[in-house]
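Okay, here's what each chain looks like letter by letter:
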Amino acid sequence: MSDVPEHGAGTEPVRILAPDGSPVGDADVGLSPEELRALLRWMVLARRLDRECIALQRQGELTVYPGFEGQEAAQVGSAFALGQLDFVWPTFRELAAALVRGVDAVQYLQYHRGTWHGGPYDPRATRFGPICIPIATQLPHAAGYALGQRLDGTNAVTIAYFGDGSTSEGDFHEAANLAGVWRLPMVLFCQNNGWAISLPSSEQTAGEIWRRAEGYGFPGVRVDGNDVLAVHRATERALERARRGDGPTLIEAMTYRIGAHSTADDASRYRDDAEVEHARVTDPIMRFRNWLLATGIADDRFVMACDEEAETYALEVRAGVIATPAPPADWMFDWVYAAPPSSFERQRAEALG
Amino acid sequence: MSDVPEHGAGTEPVRILAPDGSPVGDADVGLSPEELRALLRWMVLARRLDRECIALQRQGELTVYPGFEGQEAAQVGSAFALGQLDFVWPTFRELAAALVRGVDAVQYLQYHRGTWHGGPYDPRATRFGPICIPIATQLPHAAGYALGQRLDGTNAVTIAYFGDGSTSEGDFHEAANLAGVWRLPMVLFCQNNGWAISLPSSEQTAGEIWRRAEGYGFPGVRVDGNDVLAVHRATERALERARRGDGPTLIEAMTYRIGAHSTADDASRYRDDAEVEHARVTDPIMRFRNWLLATGIADDRFVMACDEEAETYALEVRAGVIATPAPPADWMFDWVYAAPPSSFERQRAEALG
Amino acid sequence: MSGALNRALYDALAEDPRVLVFGEDVGRSGGVFRVTDGLQAEYGEARVFDTPISEAGIAGAAVGLCFAGWRPVVEMQFDAFSYPAMEQVVDHVAKMRMRVRGRVDLSITLRIPAFGGIKGKEHHGESPETYYAHTAGLKVVAPSSALDAYRLLRQAIADPDPVIVLEPKARYWSKESGELANDGPGIGDARVLRDGETVTLVAYGAMVTRVLDAAAVLAEEAITARVVDLRSLSPLDDGVLERCARETGRVVVVHEAPRSVGLGAEVAARIMELAFDHLQAPVARVTGWDTPYPPASLEPLYLPSVERICDAARKVVAY
Amino acid sequence: MSGALNRALYDALAEDPRVLVFGEDVGRSGGVFRVTDGLQAEYGEARVFDTPISEAGIAGAAVGLCFAGWRPVVEMQFDAFSYPAMEQVVDHVAKMRMRVRGRVDLSITLRIPAFGGIKGKEHHGESPETYYAHTAGLKVVAPSSALDAYRLLRQAIADPDPVIVLEPKARYWSKESGELANDGPGIGDARVLRDGETVTLVAYGAMVTRVLDAAAVLAEEAITARVVDLRSLSPLDDGVLERCARETGRVVVVHEAPRSVGLGAEVAARIMELAFDHLQAPVARVTGWDTPYPPASLEPLYLPSVERICDAARKVVAY
Ligand SMILES: Cc1ncc(C[n+]2csc(CCOP(=O)(O)OP(=O)(O)O)c2C)c(N)n1
Ligand SMILES: Cc1ncc(C[n+]2csc(CCOP(=O)(O)OP(=O)(O)O)c2C)c(N)n1
Ligand SMILES: [Mg+2]
Ligand SMILES: [Mg+2]
């Protein structure tokens with residue numbers, strides 16, 4: 001394991017930009033000015049959409065919605081590093097990553113509207129897997145997919161997202177071990193947002209998540225998940241490593257869940273507001289915007305244009321969501337079997353009259 | 001983690017006696033001459049019994065039997081270190097550890113005779129849990145038991161045995177994580193015998209098993225599992241650490257499965273005889289006997305007495321096993337429920353006529 | 001019902017110092033359905049505690065705790081999230097007592113918010129009772145009212161055998177009054193909630209309310225429906241099933257789970273065994289379809305409706 | 001039967017380059033029941049490979065492989081060792097196709113050596129069919145003969161939907177001759193193996209032989225028993241069940257699994273629905289008891305015996 005990505009001493013995550021946006025590491029991550037601006041644009045769009053979704057939920061247009069405010073850099077920085085053919089296996093909180101992958105937000109939000117299950121968009125066309133609720137179960141899917149890609153001789157990489165809480169599940173472990181022993185072209189991307197519903201990560205595990213990798217025989221790295229440049233570079237290195245045939249990397253992106261677990265959750269029951277206020281200081285968007293402005297890569301006009309675009313976009317998505325009709329009743333039966341048994345067809349007739 | 005047990009560089013396991021029995025480390029592990037001789041005696045007894053069991057199986061007196069030849073030091077060295085109140089959660093291959101704990105071999109072998117399931121002896125009285133077949137599932141039991149012991153304010157420690165193959169199961173991971181985050185008084189004792197049925201450990205995982213511990217926030221150590229002194233010392237340190245309230249330790253004892261996976265398995269299908277021959281060189285009994293004789297702690301007479309005792313013992317157990325009757329038919333119903341429902345009792349009547 | 005369950009846990013913790021309550025988010029936050037609200041504050045972190053997200057691990061830990069003489073009450077956060085623990089439940093929780101020949105009681109209570117009807121997301125509306133009721137060594141109950149929730153949970157905790165408590169999510173916020181008490185019908189006992197002579201409607205969990213509604217509709221058509229709340233899914237109450245089948249000669253069984261190999265099949269098969277000569281019509285099953293639980297907007301089509309229940313009853317009566 | 005299954009895998013691997021075979025000890029060693037013997041040597045380590053001991057992981061990997069366009073054929077080493085994969089099977093294998101609205105076929109074959117009768121140790125004699133047959137989205141088959149094992153496995157692999165193949169361990173070493181062919185009855189089709197007019201005996205897996213033996217005994221008493229081999233446990237063959245129930249008016253269903261909420265309950269309930277007016281007696285169930293699978297020496301008492309089957313048939317006939 002000669003090419004273990006660098007990482008800070010002890011628990012210090014790798015960082016390129018300090019919370020105030022001043023560079024503390026090599027900020028040249030190989031992105032063009034356009035691409036750097038695109039990172040900001042995606043983060044702004046994603047945050048605005050996230051807030052719109054919470055509003056939509058409050059207005060009864062969505063069912064329970066899990067916000068991701070605070071995690072924009074982790075999702076956008078990593079998803080932006082992916083190649084066209086790379087494939088994402090998300091949890092239920094990766095809407096920002098989905099947008100970067102080109103998943104249509106209105107289609108995605110059918111899931112939160114309760115009009116379809118976790119795969120309303122086309123996962124194969126978008127190369128973004130179905131929304132996955134049972135914790136950590138997407139990780140074995142990712143391992144299998146990565147194996148399948150390698151068997152086909154592609155050099156596409158598979159990335160699986162998961163939370164800090166997910167690392168306690170057996171499926172995380174089994175998938176990580178398969179990834180290691182089969183040297184799969186795979187990135188295990190953990191968003192450690194400090195919480196799993198009401199459990200702080202300190203009570204989730206006594207270890208550091210990035211350190212788990214060594215036990216599976218591949219490198220791990222802890223990165224500042226609110227530093228979009230650091231996240232992007234770590235992901236890109238992991239992708240390169242995988243493409244070279246050197247196997248998986250575990251990335252632990254240290255971020256923070258600013259909001260409650262979901263719109264159904266009241267975080268004040270279990271955590272201090274002070275902690276949240278403190279976390280706002282490390283806000284990923286502010287940090288990156290400051291740097292872009294300071295370096296001159298973006299100007300105020302660009303920043304404003306982003307905000308405006310985000311506004312329009314959010315309203316468009318809102319309209320689309322509200323217009324999403326209930327699915328036809330037949331769909332409950334249409335997609336269960338590719339080759340439906342005749343008894344199943346009789347039941348369909350009974351149900352649909 | 002200041003008191004991480006020492007371990008060799010890279011993959012070199014901690015060792016006290018070289019394969020020829022010459023000391024390469026501090027051989028004073030705090031055992032009296034009687035105790036040191038007892039270690040040899042248990043190993044000799046266990047091996048002789050193991051061979052008797054294989055014979056009994058060939059003669060149709062036992063069903064499938066999983067031998068443990070080659071693993072005597074790992075089991076005896078660790079079990080011998082336990083205190084009276086410590087509790088063992090075994091797999092299906094820890095007959096040697098069971099003997100050391102005082103489990104009656106004839107009772108234990110009811111399991112392999114097919115006259116009862118994995119708990120024919122009294123697990124609470126012997127402080128030796130039921131034989132466990134579903135791989136790694138005993139580890140969460142051990143974690144729960146350790147928690148219960150701590151809640152009761154005892155300073156008893158819980159030890160769980162498992163194989164290299166077991167470390168790929170989700171249950172291993174979930175239990176290890178619980179042990180770490182709850183700082184449980186627990187020892188996770190892995191016998192890495194090189195194989196899981198036909199899968200060599202190199203294809204089971206790309207990592208080193210002892211290194212997994214760090215990811216759970218507790219120390220791991222790799223020890224020469226054929227060196228009974230090294231095993232004993234590592235176990236004792238782990239027990240002390242647990243008793244101090246400092247939490248779990250993962251011990252990886254490097255040993256070798258000399259025989260096939262079980263009497264139903266033909267190892268020649270998947271492994272070279274040469275490998276087995278090579279492994280015999282590191283035989284745990286020969287090694288320790290050489291050292292005992294060289295240091296004068298034991299003499300030839302003692303060695304002979306052990307062999308003779310083992311012979312008598314094996315024949316006694318054989319007689320006991322053969323005399324074990326089939327259980328009464330009622331037992332199929334007697335132990336299912338403590339408070340059996342009336343419909344269940346009606347079924348019993350139907351079954352027993 | 002959430003309050004009654006909370007009260008049951010509160011009282012069980014008070015009465016028996018060996019009772020422990022644990023699971024995901026049950027401690028500080030008080031559970032996603034508030035069932036464990038305030039328990040940690042009252043009984044401390046040693047007896048009421050949060051666990052990592054490790055369903056198999058915590059079900060397995062419960063087994064170990066039984067060996068150490070504790071009485072674990074474990075929450076699985078949602079129906080579908082009990083499946084990761086299936087190996088522990090089927091291979092150990094259910095079989096351990098037999099394995100060790102009764103030397104250890106597996107006094108585990110596994111609470112699972114179950115069934116649908118709350119327009120939940122995928123994996124939040126499952127009816128897992130078949131898996132558990134088929135597994136020998138377990139007992140399975142499903143209350144339909146606050147009073148029953150209280151006493152069944154108390155009885156489950158007191159029971160020396162492992163009991164799966166399927167709590168109908170759709171009833172958590174039901175407003176019900178009345179004293180909570182620990183006596184009355186036990187595990188294994190069904191209850192007749194409404195008398196009637198023409199047909200027996202059998203249900204459990206949230207479907208009980210729906211069946212009562214159906215009985216009210218049928219009453220207007222001069223069909224007097226007897227309503228049986230099973231309460232206990234394993235063991236089933238053969239006595240009540242036999243008596244009602246004999247007396248009414250017509251039975252409709254209702255559940256949310258898919259029909260095939262659902263609990264309704266067992267009820268139908270037993271009734272045939274116990275009361276064949278008295279049956280005037282085949283036992284009818286009104287159930288969820290043999291499909292995965294659908295998205296929220298199709299939920300009404302999936303769940304047995306009052307209309308579907310009434311139709312089935314009418315058909316059975318007209319048979 | 002082991003040879004026929006081996007042949008089926010061999011032929012499927014030859015015919016479709018997207019077929020993969022994997023599981024614990026299926027590669028180099030050829031499987032604990034020799035079902036995968038020689039496949040790795042023939043098709044290479046890329047297509048036939050050993051996995052770590054990770055049932056959930058490999059069931060989940062199969063799901064991912066389907067997204068990449070492969071057809072995984074996965075072995076679970078024994079019945080009880082399929083339970084660790086239950087979450088993946090119930091939450092994903094069964095539901096994924098619906099979730100993604102048919103854009104991906106879950107063309108997974110899950111082979112499980114199942115049922116008892118080999119004097120195995122604990123956890124080696126389980127009958128898990130209820131768990132799978134109740135799970136919407138899966139198909140479940142259980143062959144009883146070498147020929148059927150060959151064709152059902154071939155059909156399972158070719159099927160675009162996930163199919164659980166429960167292979168009766170007790171029949172692995174059966175000596176049977178005859179051509180193996182891929183045509184004939186498919187998934188969903190039951191077969192009448194012996195004609196008879198007095199009573200229908202329904203079974204599957206290893207119990208089919210036993211039921212045929214029972215039919216031979218009954219024949220000497222002038223009871224002509226028709227024998228139905230279900231073959232497909234989900235979907236069930238309603239047509240054959242209905243016809244046989246109507247024609248013989250008396251039915252005994254036999255399985256090894258515990259009785260409560262066993263497949264026999266579903267068969268009984270359906271027959272009541274499909275042929276109520278023709279039934280001369282309640283459908284009888286001869287099954288394993290509602291206990292964990294017992295130790296080897298009590299196995300004969302647990303498994304339905306020819307005697308128990310005959311007794312049930314006689315009672316049904318005399319009803
Ligand atoms: C198997 C399973 N158990 C429990 C849950 C309930 N649950 C939903 S989200 C969640 C917390 C997840 O925490 P983490 O992995 O850190 O992700 P985050 O919510 O922080 O994004 C839990 C316990 C579930 N979805 N699946
Ligand atoms: C959950 C589960 N899966 C598969 C098996 C079948 N099996 C029995 S022993 C074994 C290998 C175990 O290997 P290891 O943990 O290294 O222990 P060893 O046999 O070497 O002592 C397997 C796969 C099982 N018993 N349980
Ligand atoms: Mg989290
Ligand atoms: Mg091993």
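Residues numbered from 1 in each chain as written. Chains lettered and ligands numbered in written order. Predicted model: local features only at pLDDT ≥ 70, side-chain atom pairs only at ≥ 80, totals over all residues. Heavy atoms only, no water.

Caption draft 1: Layout of the site of ligand 2. The immediate surroundings of ligand 2 are formed by 21 residues, with Arg93, Gly165, Ser166 and Asn193 of chain B together with Glu55 of chain D found nearest. Proximal residues around ligand 2 fall on chains B, C and D, making this an inter-chain site. Side-chain polar atom of Asp164 of chain B to an oxygen atom of ligand 2: 2.8 Å apart, as the coordinates give it. Within the contact set of ligand 2, an oxygen atom lies 2.6 Å away from a side-chain nitrogen or oxygen of Ser166 of chain B. The protein chains hide 95% of the 580 Å² of surface that ligand 2 would expose on its own. (Near = heavy atom within 4 Å. Polar contact = N/O pair within 3.5 Å; in protein donor to acceptor, adjacent residues only side chain to side chain. Areas by Shrake-Rupley, 256 points an atom, 1.4 Å probe, with all protein chains shown as cover.)

Caption draft 2: The interface of chain D and chain C, seen in detail. Counting residues at the interface gives 49 residues for chain D, matched by 49 residues for chain C. Of the roughly 4400 Å² buried between chain D and chain C on both sides combined, carbon and sulfur atoms contribute 63%. It is Tyr131, His134 and Val261 of chain D that lose the most area in chain D upon contact with chain C, and together they represent 17% of the buried surface on that side. Inspection of the region where chain D meets chain C yields 8 salt bridges. Where chain D meets chain C, there are 24 residue pairs in polar contact (both at pLDDT 80 or more). Among the residues forming the side of chain D that touches chain C, the class breakdown is 27 nonpolar, 9 polar and 13 charged. (Contact = heavy atoms within 4.5 Å. Buried area = accessible area lost by both parts, 1.4 Å probe. Salt bridge = Lys/Arg side-chain N within 4 Å of Asp/Glu carboxyl O. Nonpolar A, V, L, I, M, F, W, Y, C, P; charged D, E, K, R; others polar.)

Caption draft 3: Local environment of the site of ligand 1. If you check the shell around ligand 1, you find 21 residues, and the closest are Arg93, Gly165, Ser166 and Asn193 of chain A together with Glu55 of chain C. Site remark: ligand 1 is flanked by residues from chains A, C and D. Arg93 of chain A is positioned with one of its side-chain polar atoms (N or O) 2.6 Å from an oxygen atom of ligand 1. Between ligand 1 and Ile135 of chain A, the relevant distance is 3.0 Å, taken from a nitrogen atom to a main-chain nitrogen or oxygen of the residue. The fraction of the free accessible surface of ligand 1 (590 Å²) that becomes covered by protein chains is 95%. Residue classes in the shell around ligand 1 are distributed as 9 nonpolar, 6 polar and 6 charged.

Caption draft 4: Examining the packing of aromatic side chains more closely. The tally for this structure, following the rule as stated, stands at 59 aromatic pairs over all chains. Here Tyr108 of chain A and Tyr121 of chain A contribute two aromatic rings whose centre-to-centre distance is 5.9 Å and whose plane-to-plane angle is 5 degrees, an arrangement assigned as stacked. Pair noted here: Tyr108 of chain A is in helix H4 (residues 105-113) and Tyr121 of chain A is in the loop between H4 and helix H5 (123-126), with a separation of 13 residues, a long-range link. Note on accessibility: Tyr108 of chain A and Tyr121 of chain A belong to one class, buried. Ring centres of Trp116 of chain A and Trp331 of chain A lie 5.6 Å apart, and the angle between their planes is 90 degrees; this geometry places the pair in the edge-to-face category. Note that Trp116 of chain A is positioned in the loop between H4 and H5 and Trp331 of chain A in helix H14 (residues 331-334), a separation of 215 residues in sequence. By way of ring pairs, the aromatic residues Phe33, Phe78, Phe81, Tyr172 and Trp173 of chain C are connected into one cluster. The ring centre of Tyr111 of chain B lies 5.3 Å from the NZ or CZ of Lys121 of chain D, which sits over that ring. (Phe/Tyr/Trp six-rings, centres within 6.5 Å; stacked < 30°, edge-to-face > 60°. Helix = DSSP H or I, 4+ residues; strand = E, 2+ residues; numbered from the N terminus. Buried < 20%, exposed > 50% of the residue type's maximum accessible area, 1.4 Å probe, protein only. Lys NZ or Arg CZ within 6 Å of the ring centre and 35° of its normal.)

Caption draft 5: Structural context of the domain arrangement of chain C. All names here are of chain C. If you check the domain split of chain C, you get domain 1 (2-171) and domain 2 (191-318). Contact residues are listed per partner, giving 25 residues for domain 1 and 23 residues for domain 2. Across the interface of domain 1 and domain 2, roughly 1900 Å² is buried in total on both sides, 50% from carbon and sulfur atoms. Per-residue buried area on domain 1 facing domain 2 is highest for Lys119, Glu129 and Ser144; these three make up 23% of the total on that side. At the surface where domain 1 touches domain 2, the tally comes to 1 salt bridge. For the salt bridge of Arg231 with Asp148, the shortest nitrogen-to-oxygen distance reads 2.4 Å. For the pair domain 1 and domain 2, the interface holds 11 residue pairs in polar contact (both at pLDDT 80 or more). Elements supplying a minimum of two residues to the side of domain 1 that touches domain 2: helix H6 (129-133), strand S5 (139-141), helix H7 (146-158) and strand S6 (163-168). (Domains from an automatic or database assignment.)

Caption draft 6: Structural detail: the coordination of the magnesium ion (ligand 4). Residues and elements named next belong to chain B. Asp164 (OD), Asn193 (OD1) and Trp195 (O) make up the full set of protein donors to the magnesium ion (ligand 4), lying at 2.1 Å. All donors of the magnesium ion (ligand 4) belong to a single chain; written as a sequence motif, their spacing is D-x28-N-x1-W. Of the two residues, Asp164 sits in the loop between strand S2 (158-163) and helix H7 (170-181) while Trp195 sits in strand S4 (residues 195-196), which places them 31 residues apart along the sequence. The same class applies to Asp164 and to Trp195, which are both buried. (Donors = N, O, S within 2.8 Å, 3.2 Å for Na, K, Ca; no water.)

Caption draft 7: Structural view of the sheet that holds strand S10 (residues 232-234) of chain D. All names here are of chain D. Pairing within the open sheet is mixed, and its 7 strands lie in the order S2-S1-S3-S4-S6-S5-S10. Sheet topology places strand S2 (48-50) and S10 at the edges, where each strand pairs with a single neighbour. Pairs of neighbouring strands in the sheet enclose a mean axial angle of 20 degrees, with direction left out of account. The sheet contact formed by strand S3 (residues 71-75) and strand S4 (residues 109-114) spans 3 bridges and is parallel. Paired with Val73 across the bridge in S4 is Thr109. (Pairing = 2+ DSSP bridges. Axes fitted to C-alpha atoms, helices over the stretch in contact; angles between N-to-C directions.)

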